[in-house]
Amino acid sequence: MIMINYKELGFKSGLEIHQQIEGRKLFCKCPAIVNDENEPNIKFKRKLRAIAGETGKIDRAAEFEMSKDKEVIYEACSSSSCLVEYDEEPPHELNKDSLDIALQICLLLNCKVVDSIQFMRKTVVDGSNVSGFQRTALIGTNGFINTSKGKVNIETVCLEEEAAKKVKEENNSITYRLDRLGVGLIEIATAPEIKDSEHAREVASIIGMILRSTGKVKRGIGSIRQDVNVSIKGHNRIEIKGFQDLKNIPRTIDNEIHRQLKTKNEEGHVRKANPDFTTEYQRPMPGASRMYPETDIKIIKITKKMLDSLELPELISEKTNKFIEKYKFSEELSRELIKMDIDFESYIHKFSKVNPEFIANVLVEVRKEIQSRFDKEVTIPMIENALGYYNEGKVGKDAVYEILVDFATKGDADLKKYEQVDEKEIEKEIKEIIHKNKNLSFGALMGEIMKKYRGKVDGKKASELLNKHLKQ
Amino acid sequence: MVKKFKGLEKIEVELKDEVYKGIVMPNSDSETLFLKLESGYNVGINIKDIKKVKILDKKIDIKSSTVKVKHNKNLPTVSILHTGGTIASKVDYNTGGVVARFEPEELVSMFPELEKIANIKSIFVSNVFSENLRFKDYVNISKAIEKEIKSGVKGIIIGHGTDTMHYSAAALSFMFDNLPVPVVLVGSQRSSDRGSSDAALNLINATYFIANTEFTGVAICMHKDINDDTCLIMPALKTRKLHSSRRDAFKIINDEAIAEVNYSKNKIKMIKELKNEKGAWKSKNKFEEKVGILRTYPNLNSKQIESFKGYKGLVIEGTGLGHISIDNSPENKKIFNALKKLSKSCVIVMTSQCIFGRVNMNVYSTGRELQKIGVISGEDMTTETAYIKLAWLLGNYKKDQVKQMISTNLKGEINKRIGLEFI
Ligand SMILES: [Zn+2]
């Protein structure tokens, strides 16, 4: 592939990031379930009408959808939807937790929060919103993040509703499932200040990290979506949607630049990112958003007091660095610990006689190993109990593993089995074993000893003692 | 400096670190300036933080449609009377304003199907929330109907707020004798500014029904269920709003639908046999003002009954088969005495808060006692229909006649044979 000189090409790029919020939906009390495991038990059909604006004109993207003139079928589970999703009841008051998360994110992105929030109805004609519009509000403006290639401005942070998921499209009907309709979404738009394709990945990754730092956003496939706007000199802006992985962003952008260089200037449009780093035409660029106030929702005044009372979470990047610096943990171990969302510092105080690295290893590595070996869950309380016994000197270091296996597989552990044995008694026993098995190798002798004292004596100690007596 | 804006001016405001450009929204107040930004979003800005304001453009106008409506001599004419609860609203995306539209051109541009069904006349009567309607408004609507009948239209649609649509439908039913045209009340549970509004289907199906059947009389046309396909033509006197927000909120009580209509499938299924009234039409449009409704409940206080002193009519929405607490316990005894006294000057009618089913005051002693002091059974009338009927009867007939007519079926308000129909 030819090297790309982004500056020379007049490369301009900005990101739009959508992140789903955990908890409950934005305007009803339904749980924020994105994929309900239940079979849909509700089905109804609707006809959406184009609501002509003041000029009687319908915008290009709207026309594109309308030309299909389809019946819209909705499927829903009563476990994840209510009358609000069916557009049979007005929205309830805004979910306060979701607002708090949006405000926190604004502050983490150095945004100015607007003084009064007014939700808008953004007209949507493809049927993905039962109401015919998406509720959306501008929460913050004028922020920035720091990147390895300088400051990138954040133009807007919005709080909005997730749309329904399309499950089927036929000649004269489209079917949507309503599980995720109404789940809170944070939308972040950066200024078109991204320097190159790798920088786009970095910006997306930093924003993703900031979002996850709140601990209140959804994880997993589809919970965060990155749309990339790209343009080069002499070509209209193209929007690329649907990246499966952040890692695909640089190569896909570069491919898109090469594609544009080989083609004549096209009308701006939306393209879909393919897993093989190519893109394909999806639909025309949406026209200017058609918005009007959502009068069913009260205007929310944001006071200084409200903003001051928000507790800002420590960023994941800061936490990771702290673990690396303070405890000399590897980056991998630090990240895994943070992912567990536990208060690691409190464990260090609680188990003050235990080496912090051992605690971290039990929490991350030992837990993982037992879980995959026995296909049983090792819970945090189990780990706390086992570490507690060790901290109090009731059992040895090696017993922690054995106790956790017992907890996970049997639900209980017999501590007597692991009680520390007096050193003199072990020495006596070792002498006897050596005496009885004169022909055995060191390893086989160790095996004999550990068979008898597994968990009751530290392996390292046993091997030391064995060595000592073999030499005698 | 912001106060002088009336709204809809395009301005630029400078804050400490930000500059916002947008259109001033009319809901701005003395503390907050609401601006519609170029992105379409509205934001509120604290006025005290504004450092500088620059006017970019004077007031933005809201434009109207330019669709021309042609008269098609092969199609019947249907008049749409607007009373409120706008079935046709338009959004002005420049300003975010939602504007109610009443011109036939606007209706046809919003609902192009109408042009294929009928020639549309559109008449503005009033624009009030239906909870605010008073008897004098019923009279206004009836006068507008009379005018349209005289002009020779095939039928009339009344755009109406849903909250009290069944009261208005009942009033119009009683006011007209031998109504020669269909009068169909249409409302919407989702405002017509949105793509998912139920207004379009209700309006189109009502127009289609009027244009293609020989039905005359008053009816309500609303969604049959939560799907956007079929509407029910419901009997005006036997229908009630039973849900605060669903599009199929209106249900038929103790009766069956007149018809089912599905315009997109060109289908009208007649359910009830039509009994069209013959003879010259006339209207009686007086209502007695001093008529009330009392819903009974456990631990009722006798002062509630006494408060109707001076009333000419009272509908008691009793429990079960038509009961109110009148046994020998002290307060209940007071209630009995108050009722006995009131019934000397006031026509008292009993309906049931069960909503479905008939009042029967012969089964229990309570009912028999109530009859003795003059309480009249409202049969299977809904409370709303009984209330409107009583007010209308008292406005146009003598008390003795009223007592006899209230439990006699006049316009389909009493069904002597209730079938298995329920929700
Ligand atoms: Zn819900």
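These lines cover the structure that appears in this document, whether it is placed above or below.

Thresholds, definitions, all that
Residues numbered from 1 in each chain as written. Chains lettered and ligands numbered in written order. Predicted model: local features only at pLDDT ≥ 70, side-chain atom pairs only at ≥ 80, totals over all residues. Heavy atoms only, no water. Pairing = 2+ DSSP bridges. Helix = DSSP H or I, 4+ residues; strand = E, 2+ residues; numbered from the N terminus. Axes fitted to C-alpha atoms, helices over the stretch in contact; angles between N-to-C directions. Buried < 20%, exposed > 50% of the residue type's maximum accessible area, 1.4 Å probe, protein only. Contact = heavy atoms within 4.5 Å. Buried area = accessible area lost by both parts, 1.4 Å probe. Salt bridge = Lys/Arg side-chain N within 4 Å of Asp/Glu carboxyl O. Polar contact = N/O pair within 3.5 Å; in protein donor to acceptor, adjacent residues only side chain to side chain. Core = buried A, V, L, I, M, F, W, Y, C linked by side-chain atoms within 4.5 Å.

This part takes up the sheet that holds strand S10 (residues 173-177) of chain A. Residues and elements named next belong to chain A. Across the sheet, which stays open at both edges, the 4 strands sit in the order S2-S3-S10-S9 with mixed pairing between neighbours. Looking along the sheet, the strands with just one partner apiece sit at the ends: strand S2 (42-46) and strand S9 (165-169). Sheet twist, expressed as the average angle between the axes of neighbouring strands with direction ignored, equals 25 degrees.

Residue and element names in this part refer to chain A. Of the positions making up helix H8 (residues 331-339), those classed as buried are Leu333, Ser334, Glu336, Leu337 and Ile338. Each element contacted by the buried residues of H8 is listed here: helix H7 (316-327), helix H9 (344-350) and helix H10 (356-374). Positive backbone phi, at 60 degrees, marks aspartate 341, one or two positions downstream of H8.

On to the interface of chain B and chain A. The partner chain A presents 45 residues to the 49 residues of chain B that form the contact. With both sides pooled, the region where chain B packs onto chain A buries about 3900 Å², and carbon together with sulfur makes up 48% of that total. When the buried area of chain B at its contact with chain A is split by residue, B:Tyr41, B:Tyr93 and B:Arg194 rank highest and sum to 21% of it. Remark: the boundary between chain B and chain A carries 8 salt bridges. Put simply, chain B and chain A have 28 residue pairs in polar contact (both at pLDDT 80 or more) between them. Going through the elements one at a time, strand S3 (32-37), strand S4 (42-46), strand S7 (89-92) and helix H5 (199-212) of chain B are the ones with two or more residues in the side of chain B that touches chain A.

Time to look at the sheet that holds S4(B). An order of S17(A)-S5(A)-S4(B)-S3(B)-S2(B)-S1(B)-S5(B) is seen for the 7 strands of this open sheet, with the pairing classed as antiparallel. The open sheet is flanked by strand S17 (300-301) of chain A together with strand S5 (52-57) of chain B, the only strands paired with a single partner.

By size, the foremost hydrophobic cluster in this structure holds 110 residues, and its most contacted members are A:Phe344 and A:Leu404. Dropping the residues within four chain positions of it, A:Phe344 is found in contact with A:Phe323, A:Tyr327, A:Phe329, A:Leu337, A:Pro356, A:Ile359, A:Ala360 and A:Leu363.

This part takes up the environment of B:Lys16. Residue and element names in this part refer to chain B. Looking at the element boundaries, lysine 16 is found in the loop between strand S1 (10-14) and strand S2 (19-24). Residue class for lysine 16 comes out exposed when judged on its relative accessible area of 69%. Along the primary structure lysine 16 and lysine 36 are separated by 20 residues, whereas in three dimensions their C-alpha atoms are 20 Å apart. With residues up to four places along the chain from it excluded, the contact list for lysine 16 reads Asp49 and Lys51.

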